[in-house]
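Reading the structure
Take a look at the letters that make up each chain.
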Amino acid sequence: MSDVLLPSAELAYSAPDAAGFYGPYGGTFVPETVVPALAELAAAYEQALADPAFTEEFAYLLRDYVGRPSPLYRADRLAEAVGLGAVYLKREDLNHTGAHKVNNTIGQCLLARRMGKKRVIAETGAGQHGVATATIAALMGMECAIFMGTEDIRRQALNVYKMRLLGAEVIPVADGTGTLADAVTAALRHWVERVEDTFYVIGSALGPHPYPRMVRDFQSVIGTEALAQLEEKGVGHLDAVIACIGGGSNAIGTFYPFLSALPADQRPLLVGAEAAGLGLESGRHGAALTKGSPGVLHGFYSYLLQDDAGNPLEAYSISAGLDYPGVGPEHSYLKDEGLVRYEGVTDAEALAAFALLTRTEGIIPAIESSHALALLPRLAAELGSEAVVMVTVSGRGDKDMDIVREAGLGG
Amino acid sequence: MGDTPSRLADAFPADRAALITYLMAGYPDRATSLASLRAAAGAGADVIELGVPYGDPLADGPVIAEAAKVAREQSGGFGLAESIALAAEFIGPDEAGAMPPVVLMTYLNPMMRFGLPGAADEMRRAGVAGVIVPDMPPEAARAWLTVSSGIDTVFLAAPTSTDERLAVVAGASGGFVYCVSSTGVTGERAEIASGLGELVGRIRAHTALPVAVGFGVSTPEQAAEVARIADGVIVGSAIVKRQRDAAAVAELVGELRSAVGGGEA
């Protein structure tokens, strides 16, 4: 891939526009109370990006605190097991706090500090974003409150304990199904009340503008590093890149550098793995892109699981991190433009992939990341046994031990 | 937008503050909500704000969120279409008749799901005078405003709004401007925010439309206090709490009406 980083006149990918729209998706659909705060945030973010002191501190913390760059590991036994020529794993599971989430919380907490905010809040599903936010709040001496659904608190008890150890207050959200969507709503409501002294650290590439773009930019370190690592390793050809999609932050962070640095005819196939839960036809899944329709939820316009009256539907996945009825707006745009392909992966397929990576490579992935890994056999069938594929392993599986044990893995 | 006649603006009396009462459509059931609407009108409400049940009521506190949930969980569900039909029955065939004008409070997604032009047609047919869409700031309203002629769109002004934004909000509003009394969601508060008078003054600098204050106004004492500052007083959660009993709604609305001035309904 020696020539892939050269600028090209054919690069046309420039979303979002100044108002935060990716084609028709994205935007700012929020109560007036927080509109001025979002405008202020967008302006502060632009200033920060142009300030070397900000970008240097971000890079420094990613390197010396998180341990970046995360390795790009060639998983030969896995490749053999799934019938591919080579599989490269982008190891976000090796980051401090165990997932990609920390890339974004460092960026947003640095921005919060720059804006003079001493208190941060966040929503969390699986608890990874909550832990990552609580961690950086501890590092920066900020007050921290994490909103988490009661069902997720039950599913992810270890992460709840970690957040409390780190000094964060965990606020249980019993509304609705007690999962991620309810936690986002509760955090947004709280932010509307405390907007003057509180910074809302959104955990995925969603929410009102400028969050989707900001989160994408902070997570783009994943794909940017991967492009450089592929070149270093002399990988001249890559057929496909896979990442899992809940809100879609590790996926957009993986895909965006491929979209922005490579002309269309040199891009690998980009594939997002959505949670198909108990099956795409079961009505029990989190596959907004595959089965949803465009609508507004949580301040932005995007594909959404909704009923005929426009109410958001309850999402379901074995994975608390993919259990969300919407999806980041840029993914909706990428789907419509045909720039990324999105496929559903069931709970059972994800569990099988979890077991496979664990047994072939000695790497225990998060159940979220297992959805991405589950696409490897499908791509082998489609692309052939010589194909070279990269997968972003967004996080490690320690938090999922109870879930996989309940599912009967490991005997 | 003040050049066209507005049933909402005209409902604000010249000599006292208007009383705007919020009720949740279909709560606890259709018949009871209709009885409560009629009770509120009979007890002297100047404008009826009719809430549309929605599954993610981001701007609402626990009382209204719970009422929406109960309304939605009825057999067949209760959403925008059912709320408009309820409004039509309440308003009756004679638009210029005895009932106070109805402004729908709905989140944006039910309107988008319905289709914006179709939603506007249905509202006009029902005689709905206006809409309040809390997650649709003026910048996000272009598509709606192109299809909603004849329906006033009331935008919200907040304590956090800059003067620049107040100009945008006031300039885009029809009927009246909805002034959010304090940051946070709807629901009862112990006291009226101290900076309210100043905020209302800042809004008035940008518009000739009436300015009505809502969020956190629940008691007759608070209503009287707000009535001295603003052109209209919006009471929601305190009424919704009593909505299972039309007589209790009538009693509270009567007290609120006395409190805003001119005791005669």
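Residue and element names in this part refer to chain A. In spatial order, the strands read E7-E6-E5-E8; together these 4 strands make up an open sheet with parallel pairing. At either margin of the open sheet sits one strand with a lone partner, and together these are strand E7 (169-173) and strand E8 (198-200). On average, each strand axis in the sheet is inclined to that of its neighbour by 25°, with strand direction left out of account. With 6 bridges connecting them, strand E5 (residues 119-124) and strand E6 (residues 143-149) associate as parallel partners. Residue pairing in the sheet places Ala122 in a bridge with Ile146 of E6. Here helix H5 (residues 128-140) sits on the sheet in contact with E5 and E6, set at roughly 165° to E5.

Turning our eyes to something else, we now look at the packing of aromatic side chains. Residues and elements named next belong to chain A. Counted according to the given criterion, the structure contains 13 aromatic pairs over all chains. When the centroid spacing of 6.2 Å and the interplanar angle of 55° are considered together, the rings of Tyr200 and Tyr211 count as tilted. One end of the pair, Tyr200, is in strand E8; the other, Tyr211, is in helix H9 (residues 211-219), with 11 residues separating them in the sequence. Given a relative accessible area of 1%, Tyr200 falls into the buried group. Among the aromatic residues, those joined into a cluster by ring pairs are Tyr45, Phe54, Phe58 and Phe218. Above the plane of the ring of Tyr316 lies Arg284, whose end atom (NZ or CZ) is 4.5 Å from the centre.

Residue and element names in this part refer to chain B. In this model helix H2 (residues 30-42) runs 18 Å from its N-terminal to its C-terminal C-alpha over 13 residues, within 8% of the 18 Å that 1.5 Å per residue would give. Among the residues making up H2, those that are buried are Thr32, Ser33, Leu34, Ser36, Leu37, Ala39, Ala40 and Ala41. Summarising the contacts, the buried residues of H2 are in contact with strand E1 (18-24), strand E2 (47-51), helix H4 (80-91) and helix H12 (246-260). Sitting at the head of H2, Asp29 places a side-chain oxygen 3.2 Å from the backbone nitrogen of Ala31. Trailing H2 by a residue or two, Gly44 shows a phi angle of about 110°, which is positive.

Here the focus is the packing of helix H11 (residues 249-261) of chain A against helix H13 (residues 329-337) of chain A. Residue and element names in this part refer to chain A. Relative to each other, H11 and H13 sit at 50°, their axes nearing to 11 Å. In terms of orientation, H11 lies oblique with respect to H13. For H11 against H13, the interelement crossing comes out left-handed. Packed against H11, whose contacting residues are Ala251, Ile252, Phe255, Tyr256 and Leu259, the element H13 presents Glu330, His331 and Leu334 at the interface. Across the contact of H11 with H13, the residue classes break down as 6 nonpolar, 1 polar and 1 charged.

How each quantity is defined
- Residues numbered from 1 in each chain as written.
- Chains lettered and ligands numbered in written order.
- Predicted model: local features only at pLDDT ≥ 70, side-chain atom pairs only at ≥ 80, totals over all residues.
- Heavy atoms only, no water.
- Pairing = 2+ DSSP bridges.
- Helix = DSSP H or I, 4+ residues; strand = E, 2+ residues; numbered from the N terminus.
- Axes fitted to C-alpha atoms, helices over the stretch in contact; angles between N-to-C directions.
- Contact = heavy atoms within 4.5 Å.
- Phe/Tyr/Trp six-rings, centres within 6.5 Å; stacked < 30°, edge-to-face > 60°.
- Buried < 20%, exposed > 50% of the residue type's maximum accessible area, 1.4 Å probe, protein only.
- Lys NZ or Arg CZ within 6 Å of the ring centre and 35° of its normal.
- Expected span 1.5 Å × (residues − 1).
- Polar contact = N/O pair within 3.5 Å; in protein donor to acceptor, adjacent residues only side chain to side chain.
- Parallel < 35°, antiparallel > 145°, perpendicular 65-115°, else oblique.
- Left-handed = near helix turned anticlockwise from the far one by under 90°.
- Nonpolar A, V, L, I, M, F, W, Y, C, P; charged D, E, K, R; others polar.

Interpretation in functional terms is not warranted from these geometric data alone.
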